[in-house]
Amino acid sequence: MRLPPATVLAGVARTLEEDVLPAVGDRAARGLVFTAIEVLANVQDLVEWRADVRDEELSGASAALADFAGRLEALGLHAESARVRAGLLAAKGETEREARGRALDGALVDALIVADGAHDSPGMVEAVAPLRRHLVNQALRDVMRTQRPLLNRISQG
Amino acid sequence: MIDALTAYFARRLAPRAGVQVLGVTRMSEGFSQETFRVEVGWREHDREERGTYVVRRQPAAGLLEPYDTEPEFRVLAAIAGTAVRAPRVFWYERDPAVLERPFYVMEVVAGTVPLPVMVDGKPVFTDAERIRLGEDFVANLAALHAVDWRAAGLDFLGAPSAGDGAASRELARWEGYIDRASGPPRPVLTEALLWLRRSRPTADATTLVHGDYRTGNFLVHDGRIAAILDWEMIHLGDPMEDLGWACMALWRGESPYMCHLLERERLYARYEELSGQRVDPERVRFYEVLATVKMAAIMLTGLHAFREGRTRDLRMALFDHQWGYMAAAIANARGLL
């Protein structure tokens, strides 16, 4: 989940007001839609994503980057290892959680580019394993937290 | 809308008199184009006549923006009369004065669209349906790839350069969508993109490529495929691309059958028999990974439109929450799972 909750809730309120309300004729139902819009307007700036969920992601990303940097070092790829460590350190320096998360994802992207640039080096397949493991774990964590996917409804048109 | 369409159909159906649009119904809740069923009445030889048309209007924003509906109209017009089952198209309208955005008019094809979604673990098709539709599915694909696009005047679609030109162009197209969607870094997508850049295959043929060939995009009538739908991603490229798209895991869920229709081996074998072209599993694998990246690009484009407030379609916002499924699909296609 990457959209801030306030953006999502504001979008829900706007859809209710501009698309749903004009199509609702029943007075009682209209009253409920108005109420829902007001509730959303009041809570949208008071909510944020659960910190423990994000912390779990951040800790997994940090561990994968540190492991990868260590393996690069062991392979004698010192410059590459230093680049990955620098990305990790810079990300950890971010004090705000969301900014730290974005920076860690950016560091992961950069680490993958490093791995790709050295993909012919002996031992690289094993070295990159922590990154790949993290990508899979992250995807599975997201899947487990998500309701049934809308994705399969794309097939409707 | 009814007044504008009445004036439009009066022009198009002239010299018929008393042309009147009697009703307009939005046909689907599709993610992309806006499709309407339009009932039209007129007088002919003192009799009241009626006709039904489908109007497909170019959307303002959405999953495949920026939109241009003209290429698909021209392709549909060009392949009429070939063995490819597709709706007949009548007119293309660019003038925004009619419906604000371009649209085209086509025939109504009878049938229903089966969805590739298993309900309560039950298969989408019975074995008999699956085998019959599977055969039609491959036959239509082979027929599409056999269209002589040069002779049909479809050069305007732009043929890719030789060698890895087709793969490079498609990869660049979808990377472009991802770049334009901006948003935060998504490492699993980067991993796939890096692999795709290193693995671009050489195509041995350039054909029409439907671009969205799968269950969910064809009409079934009397147990047979009556028409292939949703031509908005039509282009010239590597025919293996359509096979890769059809083999994407997202279209089959838990089913062992590609698009709930055929085993992978059967799909390849029948395609080879009907098209006379060899299936290259490595190229199909490239396009299968690209298919997941393409789906991700489409989702991120919709999400971007929502973030910028250009669409109120909340389904676009839901894509943010569904990203885990997309990431898992990418990881699976890459063999990371």
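Residues numbered from 1 in each chain as written. Chains lettered and ligands numbered in written order. Predicted model: local features only at pLDDT ≥ 70, side-chain atom pairs only at ≥ 80, totals over all residues.

Colleague: How would you sum up the overall build of chain B? Please name residues and give values.
Modeller: Helix and strand counts for chain B come out as 11 helices and 9 strands. Projected onto its principal axes, the C-alpha positions of chain B cover 70 × 45 × 45 Å. The burial tally for chain B puts 47% of its 337 residues in the buried class. Nonlocal contacts in chain B, meaning residues at least 24 apart in sequence, comprise 70% of its contacts between residues at least 6 apart. (Helix = DSSP H or I, 4+ residues; strand = E, 2+ residues; numbered from the N terminus. Buried ≥ 20, exposed ≤ 12 C-beta atoms within 10 Å, placed from the backbone. Contact = placed C-beta atoms within 7 Å.)

Colleague: Explain the interface of chain A and chain B to me, using residue names and the numbers behind them.
Modeller: How big an interface is tends to be stated in terms of accessible area lost as the parts join. Opposite the 37 residues of chain A that make contact, chain B presents 38 residues. In terms of residues, the side of chain A that touches chain B owes the most to one element, helix α7 (residues 129–145) of chain A, which gives 9 residues. Along the lines of polarity and charge, the residues of the side of chain A that touches chain B split into 17 nonpolar, 10 polar and 10 charged. (Nonpolar A, V, L, I, M, F, W, Y, C, P; charged D, E, K, R; others polar.)

Colleague: If you had to explain the confidence of the model for chain B to someone new, which residues and values would you point to?
Modeller: Chain-level statistics for chain B give a pLDDT mean of 92 and a share of 96% at 70 or above. Per the prediction output, this complex has pTM 0.90; the corresponding ipTM is 0.84. (pLDDT = per-residue confidence, 0-100.)

Colleague: Could you give an account of helix α4 (residues 127–146) of chain B, naming the residues involved and the relevant values?
Modeller: Residues and elements named next belong to chain B. Spanning 20 residues, α4 covers 28 Å between terminal C-alpha atoms, matching the ideal 28 Å at 1.5 Å per step. When we look at burial in α4, the residues that qualify are R130, L133, G134, F137, V138, N140, L141, A142, L144 and H145. On its buried face, α4 sits against β6 (207–209), β7 (218–221), β8 (224–228), α7 (240–246) and α8 (264–275). (Expected span 1.5 Å × (residues − 1).)

Colleague: I'd love a proper account of the packing of helix α5 (residues 97–117) of chain A against helix α6 (residues 187–198) of chain B, names of residues and values included.
Modeller: Remark: α5 of chain A packs on α6 of chain B, axes separated minimally by 9 Å, with the N-to-C direction vectors making an angle of 20 degrees. It follows that α5 of chain A is roughly parallel to α6 of chain B by the angle criterion. Note on packing geometry: the crossing formed by α5 of chain A with α6 of chain B is right-handed. Of α6 of chain B, the residues touching α5 of chain A (which contributes D105, L108, V109, L112, I113 and D116 of chain A) are P187, T190, E191 and L194 of chain B. Class assignment for the residues of the contact of α5 of chain A with α6 of chain B results in 6 nonpolar, 1 polar and 3 charged. (Axes fitted to C-alpha atoms, helices over the stretch in contact; angles between N-to-C directions. Parallel < 35°, antiparallel > 145°, perpendicular 65-115°, else oblique. Left-handed = near helix turned anticlockwise from the far one by under 90°.)

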